[in-house]
Amino acid sequence: MTVTTRTTLSTAAALLAVLAAFPAHAQRTDAEWLENCRESGGRWNGSREQFCEVRPSTLRAGGALAVDGGQNGGASVRGWDGTDIRVSARIQAHARTEQEARDIARQVTIRTDGGSIRATGPEQARGRNWSVVYDIQVPRRQDVSVTANNGPVSVEGVTGRMTLRAQNGPVSLRRVGGAVNARVQNGPLSVVLDGPRWSGQGLDAEAQNGPVSLTIPGGYNAELEVGTINGPSSIDLPLSDGYRSGRRVKTTLGSGGAPVRVVTTNGPATVRRERR
């Protein structure tokens, strides 16, 4: 007998809107990002001026790629059909005047040696700071690690060994595979699966102090763990096998498969099943 559990979330619509919006930076071209950045400049935050710049580069693929988003930065990693790695480093600098912000940006160096991407720059202080968000295209099979502090992390269309970490920022995973371990503290986590089953060893994704959203195709096969410990949940799944009362669920979907774990400790959990 199939059991479906659904605990109503009064904020479900708002939650899904937030989770759907946060990887939007990855969908902008460099020109669109520059235009948006410049339009939001002027008296930034009511007290500072802003300077925006994009620096593109191309790297030879080979081995794992490590991306350090640094302070207030992040990264969007997208799979493509090419054989190299293309990087757009999107730099923002803030200061009391536009010229001062421009000078800060000029001191930022993007380093792409030894299989890593990171930025170095002048010391940051109150009223004078900079950040870099990377838009990166990689081969569809690529090992990746990304860290970010106060910024977003998103990966789409990539299969490989991945370690993803975000502090005070969102994490978004769409159409990924391999051996994926994702952790976010104080931010939302969004996962969209595709195909009939997970391709690779499995997914282990967890948020602390943030909402999680999981979208599962109809007819998906997996050993699934989803839910929350402290928060409301809306879980639209057949739970004939391994059903657990409470807010976390372990179950076998279809014929089973690789483990897929998407959970939060303190926050709401929403699981949506796509109908065929």
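Thresholds applied
Residues numbered from 1 in each chain as written. Predicted model: local features only at pLDDT ≥ 70, side-chain atom pairs only at ≥ 80, totals over all residues. Heavy atoms only, no water. Buried < 20%, exposed > 50% of the residue type's maximum accessible area, 1.4 Å probe, protein only. Helix = DSSP H or I, 4+ residues; strand = E, 2+ residues; numbered from the N terminus. Pairing = 2+ DSSP bridges. Axes fitted to C-alpha atoms, helices over the stretch in contact; angles between N-to-C directions. Salt bridge = Lys/Arg side-chain N within 4 Å of Asp/Glu carboxyl O.

Novice: Honestly, the pairing of strand β15 (residues 212-216) in this entry has me stumped. Any pointers?
Specialist: Most of β15 is tucked away: five of the five residues are buried. By the alternation rule, side chains of β15 split into Val 212, Leu 214 and Ile 216 and Ser 213 and Thr 215, which are all buried. Here strand β13 (residues 189-192) runs beside β15; their pairing, made up of four bridges, is parallel. Along β15, the bridge assignment pairs Val 192 with Thr 215. Bridge count between β15 and strand β20 (residues 269-273): five bridges; the pairing is parallel. Bridged to Leu 214 within β20 is Val 271.

Novice: Please explain the sheet that holds strand β2 (residues 65-71) as it appears in this structure.
Specialist: If you trace the 10 strands from one edge of the open sheet to the other, you get β5-β6-β2-β8-β10-β12-β14-β19-β16-β18, paired in mixed fashion. With partners counted over all chains shown, the strands left at the sheet margins are β5 (109-111) and β18 (248-253), one partner each. Strand-to-strand twist of the sheet, defined as the mean angle between neighbouring strand axes without regard to direction, takes the value 10 degrees. When strand β16 (residues 222-230) meets strand β19 (residues 259-266), the two strands line up parallel, connected through seven bridges. Within the sheet, the bridge partner assigned to Thr 228 lies in β19 and is Thr 264.

Novice: Please clarify how the pairing of β13 should be interpreted in this entry.
Specialist: In regular strands, side chains alternate between the two faces of the sheet. The alternating pattern of β13 places Leu 189 and Val 191 on one face and Ser 190 and Val 192 on the opposite face, and all of these are buried. Here four bridges tie strand β11 (residues 171-174) to β13, and the two strands are oriented parallel to one another. Its bridge partner being in β13, Arg 174 is matched across the sheet by Val 192.

Novice: Looking at this structure, I do not really get unusual backbone geometry. What am I missing?
Specialist: The general pattern is negative phi for most residues beyond glycine and trans for most peptide bonds. The backbone of Arg 175 shows a phi angle near 55 degrees, a positive value even though the residue is not glycine. Along the polypeptide, Arg 175 turns up in the loop between β11 and β12 (177-185). Overall, the relative accessible area of 38% leaves Arg 175 in the partly exposed class. The backbone of Asn 209 sits at a positive phi, close to 60 degrees, despite the residue not being glycine. Tracing the backbone through its elements, the reader meets Asn 209 in the loop between β14 (202-208) and β15. According to the relative accessible area criterion, Asn 209 is partly exposed, its value standing at 37%.

Novice: Explain the sheet that holds strand β4 (residues 84-95) here, please?
Specialist: In a beta sheet, neighbouring strands are held together by backbone hydrogen bonds and run either parallel or antiparallel to one another. In spatial order, the strands read β1-β4-β7-β3-β9-β11-β13-β15-β20-β17; together these 10 strands make up an open sheet with mixed pairing. Bordering the open sheet on either side are β1 (49-60) and β17 (233-235), each of which pairs with just one other strand. Ignoring which end each strand starts from, the neighbouring axes of this sheet average 10 degrees apart. Relative to β4, β1 runs antiparallel, the two being bridged by 12 bridges. By the bridge assignment, Glu 49 is partnered in β4 with Ala 95.

Novice: Please explain the pattern of salt bridges as it appears in this structure.
Specialist: Pairing of side chains with opposite charge becomes possible as their charged atoms draw close. This structure, assessed with the given rule, holds 17 salt bridges. Between Asp 135 and Arg 78 there is a salt bridge; the shortest N-O distance is 2.5 Å. With a gap of 57 residues between them, Asp 135 in strand β7 (residues 129-139) and Arg 78 in strand β3 (residues 74-80) connect regions that are remote in the sequence. On the accessibility criterion, Asp 135 (6% relative accessible area) is buried. When its relative accessible area of 24% is taken as the criterion, Arg 78 is described as partly exposed.

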